[in-house]
Amino acid sequence: MTTELRHIDLLIAHGLLVTMDSERRIITDGALAITGDRILDVGKTHELQTRYEPRRTIDASDKVVMPGLINCHVHCTGEPLTKGFVPDDTPFEENVFKWLCPIYAAHEPDDEYVSAMLIAIEMLKTGTTCFLEAGTVRFVDHVVRALTEIGIRARIGRWVWDIPPEPRVYRQTTDEAIRHLEDTLQRFRRQANGRIQAWSMIIGHTTCSDALMRAAKRLADEYEVGLNMHMSPAAMDPEGFLKRTGHRPIEHLASLGVLDRNVVLVHMVHVDENELRLVKQKEAHIVHCPTTALKVAYGVTQIGKFPEMLALGINVALGCDGSNAANSMDMLRATYLAAGLFKDARRDPTVIPAETALEMATVNGARAMLLENEIGSLEAGKKADVVLLDRSRPEWVPLHNVVNSLVYSTDGRSVDTVIVDGDIVVENGRCTRVDEQDIYQRAQRAGQAIVARTGLPRKMKWPVI
Ligand SMILES: [Zn+2]
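Residues numbered from 1 in each chain as written. Predicted model: local features only at pLDDT ≥ 70, side-chain atom pairs only at ≥ 80, totals over all residues.

1. A few points about the packing of helix α3 (residues 109-125) against helix α4 (residues 140-150)
For any two helices packed against each other, one specifies the inter-axial angle together with the distance between the axes. α4 packs onto α3 with a crossing angle of 35 degrees between their chain directions and a minimal axis gap of 8 Å. As for how α3 packs across α4, the hand of that crossing is right-handed. Counted together, Pro 109, Asp 110, Glu 112, Tyr 113, Ala 116, Met 117, Ala 120, Ile 121 and Leu 124 of α3 and His 142, Val 143, Arg 145, Ala 146, Leu 147 and Ile 150 of α4 form the full contact between these two elements. Residues belonging to the contact of α3 with α4 are distributed by class as follows: 11 nonpolar, one polar and three charged. (Axes fitted to C-alpha atoms, helices over the stretch in contact; angles between N-to-C directions. Helix = DSSP H or I, 4+ residues; strand = E, 2+ residues; numbered from the N terminus. Left-handed = near helix turned anticlockwise from the far one by under 90°. Contact = placed C-beta atoms within 7 Å. Nonpolar A, V, L, I, M, F, W, Y, C, P; charged D, E, K, R; others polar.)

Now the structure itself:
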């Protein structure tokens, strides 16, 4: 008796699968059946080969196959085109107000398109298939166009604030900020087969009035999306809230009714135990950005409470941040830091095991982005967001423990193939949908022009001859 084979679009065969499913199964000689934008089946290659007739097969016998990484904090605009320009020895406030704000203000619409394209190339090529934007500085349409073209998955929004009066170019009243939020949510409800969707995004810190924070939460609920904000990377935020309200930031958010399960709080370094208790109680999500914390000197290893957050059962995801703070968008680098920093800080090798760090970069990220039923693991029924890493490279040899190798030995360089929504968007390490060299040339030209418009000095310490 012959059984009819089901036609599918793609079979990834003979791979070493790190599924991140509920049992965290690692499947040797594993296969993934993909049809349309979904994973249809996951299992041993010889089993799937008896069920499916693929239009195309990828031989993954020298590949590790894993779910796409999820970067929960990325500045698509404002910084990618000036990456590395801001000196690395500026204190937090000088970094933000003297350097970053003028740079953000000097961007023009096409700059934001090139900027989003550039950072999406960097993310895809290092295995990130989905990200949560910090908020587009101004020209959301251009960012959405770039992200739609390149094929990445994202939750985006327009960045709003209503307190600081500078820079003038994007000064907003509370009403204007709320209108911007609503307009963006309205226009980008579900783009590109749901790959791109707007969220309610505020800058956070001490830049938003209570009225704006309440409105942003109300809009997030109304549109059934998340609310995203920065909070407490440095002492400036708790000090500002204590002065204005008499309460610490998270206590104040809770009292406004803004702390909830659809709220993502980014950084959260300068927090106390009561704030963590509130985050846990309200089931909000926290994004740890270790790469940025190190470079901008947040004190994460001295006062950060990320091991305690995880022990409390708070959902902690990982992010990178701006290109003048994290600089690198390689999520495996951030994952390595997440696993390593607190082992050293606490002088305890059992703190944040590699397995936990990998969960932070995948399933926890999916939960924070309210996409836990769609992405974060290789499971039947989920979106086909998949990364294949080349394990014929030296950092993968010999291979004894694939989780240890992923977190401690390798980085985004070994990413070979990336699939988003069932489409192959990176193949043999190259983006399939855009001309990378063209974007790099445009990014260099646009970056130099932006810097020239700000009039900021190029502060290299060594002579350039
Ligand atoms: Zn940020």
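After presenting the structure, the write-up continues.
2. A word on helix α14 (residues 354-361)
In terms of burial, α14 is a largely internal element, six of the eight residues being buried. Listed as buried for α14 are Ala 354, Ala 357, Leu 358, Glu 359, Met 360 and Ala 361. (Buried ≥ 20, exposed ≤ 12 C-beta atoms within 10 Å, placed from the backbone.)

3. Some points on helix α5 (residues 174-187)
For the α-helix, the turn length of 3.6 residues means that residues three or four positions removed from each other point alike. With 14 residues, α5 should reach 20 Å at 1.5 Å per residue; the first-to-last C-alpha distance of 20 Å fits that figure. Restricting attention to buried positions, one finds in α5 the residues Ala 177, Ile 178, Leu 181, Thr 184 and Leu 185. End-on, the buried residues of α5 take up no more than an arc of 130 degrees, which puts them together on one face. Facing away from the buried side of α5 by over 90 degrees, the exposed positions are Asp 175 and Gln 186. Looking at the buried positions of α5, the neighbouring elements they touch are α4, β9 (196-198), β10 (200-204) and α6 (210-222). (Expected span 1.5 Å × (residues − 1). Arc of directions from axis to C-beta.)

4. Digging into the sheet that holds strand β8 (residues 153-156)
Read across the open sheet, the four strands follow the order β6-β7-β8-β9; overall the sheet is parallel. The open sheet is flanked by β6 (69-74) and β9, the only strands paired with a single partner. Neighbour-to-neighbour, the strand axes of this sheet turn through a mean angle of 10 degrees, independent of strand direction. Taken together, the four bridges between β6 and strand β7 (residues 128-133) define a ladder with parallel strand orientation. Looking at β7, one finds that Val 74 is bridged to Glu 133. Most of the contacts of α4 go to β8, to which it runs at about 170 degrees, and overall it touches β8 and β9. (Pairing = 2+ DSSP bridges.)

5. A closer look at the packing of helix α13 (residues 331-345) against α14
The contact between α13 and α14 brings their axes to 9 Å, and the two run at 135 degrees. Taken together, α13 and α14 sit at an angle that is classed as oblique. Relative to α14, the crossing made by α13 is right-handed. Between α13, through Met 331, Thr 335, Ala 338 and Ala 339, and α14, the contact on the second element is made entirely by Ala 354, Ala 357, Leu 358, Met 360 and Ala 361. Residues that form the contact of α13 with α14 fall into these classes: eight nonpolar, one polar and no charged. (Parallel < 35°, antiparallel > 145°, perpendicular 65-115°, else oblique.)

6. So, the environment of Ile 203
Within the secondary structure, Ile 203 is located in strand β10. Taking the C-alpha atoms as reference, Ile 203 lies 27 Å from Asn 373; in sequence the two are 170 residues apart. Ile 203 has contacts with Gly 135, Trp 159, Val 160, Trp 161, Cys 208, Met 229 and His 230, leaving out every residue within four places of it along the chain.

7. A short note on the pairing of strand β16 (residues 415-420)
The element β16 is largely enclosed, with a buried count of six among its six residues. Sheet topology places strand β15 (residues 386-390) next to β16; four bridges connect them, and they run antiparallel. Bridging from a neighbouring strand, Leu 388 pairs with Thr 417 of β16. Note that β16 and strand β17 (residues 423-427) share three bridges and pair antiparallel. Paired with Val 418 across the two strands is Val 426, which belongs to β17. Where β16 hands over to β17, the hairpin turn is made up of two residues, of which Asp 421 adopts a positive phi near 55 degrees.

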